[in-house]
Amino acid sequence: MFDRVWTGAHLCTMDGPPEDPLGIVEDGAIAAKDGRIAWIGRRRDLPGRAAQATECHGAWILPGLVDCHTHLVFAGDRAAEFEQRLAGASYEAIARAGGGILSTVRATRAAGEDALLREAEPRLVGLMAEGVTTVEIKSGYGLSLEAELAQLRVARRLAAEHPVEVATTLLAAHAVPPEFAGRRAEYARHVAEEILPAAAASGLADAVDAFCERIAFTPEETEMVFEAARAAGLPVKLHADQLSDGGGAALAARHGALSADHLEYANPEGLAAMARAGSVAVLLPGAFHFLREERRPDIGAMRAAGLRMAVATDLNPGSSPALSLLLMLNLACTLFRLTVAEALLGVTRHAAAALGLSDRGRLAPGLRCDLALYRIGRPAELCYWMGGNPCTGRVLAGRG
Ligand code: NIG
Ligand code: FE
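From a predicted model like this one, the values you see are computed outputs, not experimental measurements. Counting from 1, residues in each chain are numbered in the order their sequence is written. To read the labels, note that chains go from A and ligands from 1, taken in the order they are written. Under the rules for a predicted model, residues below a pLDDT of 70 receive no local features and side-chain atom pairs below 80 are neither given nor counted, while totals for whole chains, interfaces and linings still include all residues. No hydrogens and no water enter the side-chain calculation; it runs on all heavy atoms of the structure.

Visitor: So, the environment of Thr-348: which residues are in play, and what are the values?
Guide: Summarising the element assignment, Thr-348 is placed in the loop between helix H13 (340-346) and helix H14 (349-354). In this structure the C-alpha to C-alpha distance between Thr-348 and Val-191, which are 157 residues apart in sequence, comes to 32 Å. It only takes one pair of heavy atoms within 4.5 Å for two residues to be counted as in contact. Not counting chain neighbours up to four residues away, the residues in contact with Thr-348 comprise Met-14, Pro-63, Leu-65, Val-66 and Gly-361. By the criterion applied in these results, polar contacts are pairs of N or O atoms within 3.5 Å in which, for protein atoms, one can donate a hydrogen and the other can accept it, and in which residues neighboring in sequence qualify only through two side-chain atoms. For Thr-348, the side chain forms a polar contact with the main-chain oxygen of Leu-344, separated by 2.7 Å. Secondary structure is summarised from DSSP: a helix means a run of H or I of at least four residues, a strand means a run of E of at least two, and numbering begins at the N terminus for each.

Visitor: Outline helix H7 (residues 219-232), supporting the account with residue identities and numerical values.
Guide: If you check H7, its first and last C-alpha atoms are 20 Å apart, about what 14 residues at 1.5 Å a residue would give, namely 20 Å. Those residues of H7 hidden inside the fold are in contact with strand S8 (165-173), helix H6 (184-202), strand S9 (207-212), strand S10 (237-240) and helix H8 (248-254). Positive backbone phi, at 80°, marks Gly-233, one or two positions downstream of H7. Multiplying one less than the number of residues by 1.5 Å gives the expected span of a helix.

Visitor: If you had to explain the coordination of the iron ion (ligand 2) to someone new, which residues and values would you point to?
Guide: Six octahedral donors at a metal ideally form angles of 90 or 180 degrees, and four tetrahedral donors ideally form angles of 109.5 degrees. The protein atoms that coordinate the iron ion (ligand 2) are His-69 (NE2), His-71 (NE2), His-239 (NE2) and Asp-314 (OD), at distances spanning 2.1 to 2.3 Å. Taken in sequence order, the residues that donate to the iron ion (ligand 2) follow the motif H-x1-H-x167-H-x74-D. In this pair, His-69 sits in the loop between strand S6 (65-67) and helix H1 (79-86) while His-239 sits in strand S10, placing the two residues 170 residues apart along the sequence. Assessed through its relative accessible area of 4%, His-239 is described here as buried. Listed donor atoms are N, O and S within 2.8 Å of the metal (Na, K and Ca: 3.2 Å). As water is not included, a site may look incomplete. Each residue is placed in one exposure class: buried if its accessible area under a 1.4 Å probe, protein chains only, is under 20% of its type's maximum, exposed if it is over 50%, and partly exposed if it falls in between.

Visitor: I'd like to hear about the domain arrangement of the protein chain, residue by residue, with values.
Guide: Start and end positions for the domains come from either an automated domain assignment or a database one. For the protein chain, the assigned domains read domain 1 (2-63 + 362-395) and domain 2 (65-354). Measuring from the centre of the C-alpha atoms in domain 1 to the corresponding centre in domain 2 gives 30 Å. A simple way to read buried area is as the amount of 1.4 Å-probe accessible surface that goes missing from two parts once joined, with both sides added. Between domain 1 and domain 2 lies a buried interface of about 1800 Å² when both sides are counted; carbon and sulfur atoms form 62% of it. Considering only the surface of domain 1 that becomes buried against domain 2, Met-14, Cys-383 and Arg-394 emerge as the three largest contributors, covering 34% of it. When a carboxyl oxygen of Asp or Glu is within 4 Å of a side-chain nitrogen of Lys or Arg, the pair counts as a salt bridge. Joining domain 1 to domain 2, the criterion identifies two salt bridges. With a closest N to O distance of 3.6 Å, Glu-165 and Arg-368 form a salt bridge. For the interface between domain 1 and domain 2, the tally reads 10 residue pairs in polar contact (both at pLDDT 80 or more).

Visitor: Describe the packing of aromatic side chains, listing the residues and the values that go with them.
Guide: Note on ring pairs: Phe, Tyr and Trp rings are taken, using the six-membered ring of Trp, and paired if centres are within 6.5 Å. Classes follow the plane angle, with under 30 degrees stacked, over 60 edge-to-face and the rest tilted. Taken as a whole, this structure holds six aromatic pairs when the rule is applied. Ring geometry for Phe-74 and Tyr-141: centres 6.3 Å apart, planes at 75°, overall edge-to-face. Pair noted here: Phe-74 is in the loop between S6 and H1 and Tyr-141 is in the loop between strand S7 (132-138) and helix H5 (145-161), with a separation of 67 residues, a long-range link. In textbook terms, an aromatic cluster arises when at least three aromatic residues are bridged by ring pairs, as seen for Phe-180, Tyr-187 and Phe-217. A ring has a charge above it when a Lys NZ or an Arg CZ is no more than 6 Å from the ring centre and no more than 35 degrees off the ring normal. It is Arg-123 that lies over the ring of Phe-74; its NZ or CZ is 3.6 Å from the centre.

Visitor: Pulling in residues and values, what's your account of the nonpolar core?
Guide: Core analysis: the largest hydrophobic core is formed by 106 residues, its most contacted members being Leu-72, Leu-158, Tyr-187, Leu-263, Met-274, Met-302 and Leu-338. The element contributing the most residues to this core is helix H12 (residues 325-336), with nine residues. Viewed by domain, this core spans two of them, domain 1 (2-63 + 362-395) and domain 2 (65-354), each represented by three or more residues. Look past the residues within four positions of Tyr-187 in its chain and what remains in contact with it is Leu-143, Ala-172, Ala-175, Val-176, Pro-177, Phe-180, Ile-195 and Phe-217. To define a nonpolar core, start from buried Ala, Val, Leu, Ile, Met, Phe, Trp, Tyr and Cys residues and group those joined through side-chain atoms within 4.5 Å. Grouped together as the second largest cluster of nonpolar side chains are 16 residues, Trp-6, Val-25, Cys-56 and Ile-61 included.

What follows is the structure in structure tokens.
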């Protein structure tokens, strides 16, 4: 006997063969037991009964969506910088003048943990309402041990207080804090030798990220942070080649990174190295759009290399104030020319892989029963609408 079944739904298992990557099952059924998928298939083949049955009236069910790159715990906003950029200032120029990430660092340090939680909550709830069941949350607006831990603690509290899974990432190597002004290499060493080991010991960080860019950290400093992550037993990810080709894709591959993210300027050799290393390419069309970038990531090279592509919001106050993962599906298709199947794999199966999570992102027996239900006529609608929310139900570990 199952705990629960859903019937009368069309399923996108995201587990199909190459000719049917969405793995569509029309008039399907899913059964859950102990929070896992116990059975999945055509409704007429459903074996056995369940304590609770839900008729879905033709809704489409996907694996609960995974937003695999966010900075959603922060204080304040950067709408004034947006106005400066509209008047001609560049993102890099604002950052070099002490604004940008550092202005959010000032606001985040000044806010207490309760205030950070209150500011982050509606952003998280908005993502959940669209069918997101797993969210990655980075630190990176604290830039001192205590302030980074505070951000990570707030991320853990969000997970404890809401029906959602949160994967945390330490991004202490995001920018150089004011105390280390002019001493970037020294701060990178402080991250590697002090902040990272302490964060790892606290159990608050599930992974480590760094911003490798000419306005942030050099490849050598990034490698030092990655070595420290390896020593601490934490997987790594990288903000790579967003504004210039710094060899970030190849660097991420050399370190067996779970993912390299942004990648607008990544070169084809680096992308091929990522594919060989099993790293995922996380595409962030919200940042591309919001910064009015012109250089697109080389999707052709990614396809040719067989690189798995994920799509995420990059939710942050500076480069991507994106509160909707569904809107990112639209932008990934329109701006980056992803197919509907590529975009949907990007917020499910491949997004889970970008977090190193093999127990979700697909609908298959034995995996977590995390589901998102949508009132749509065909899967392409999830990429087609700009705004609006067709999500009618959400299930986390068989509950919901
Ligand atoms: O992913 N690239 C660096 N970090 C963020 C931006 C953070 C900010 O501007 O506050 C990003 O785009
Ligand atoms: Fe980011």
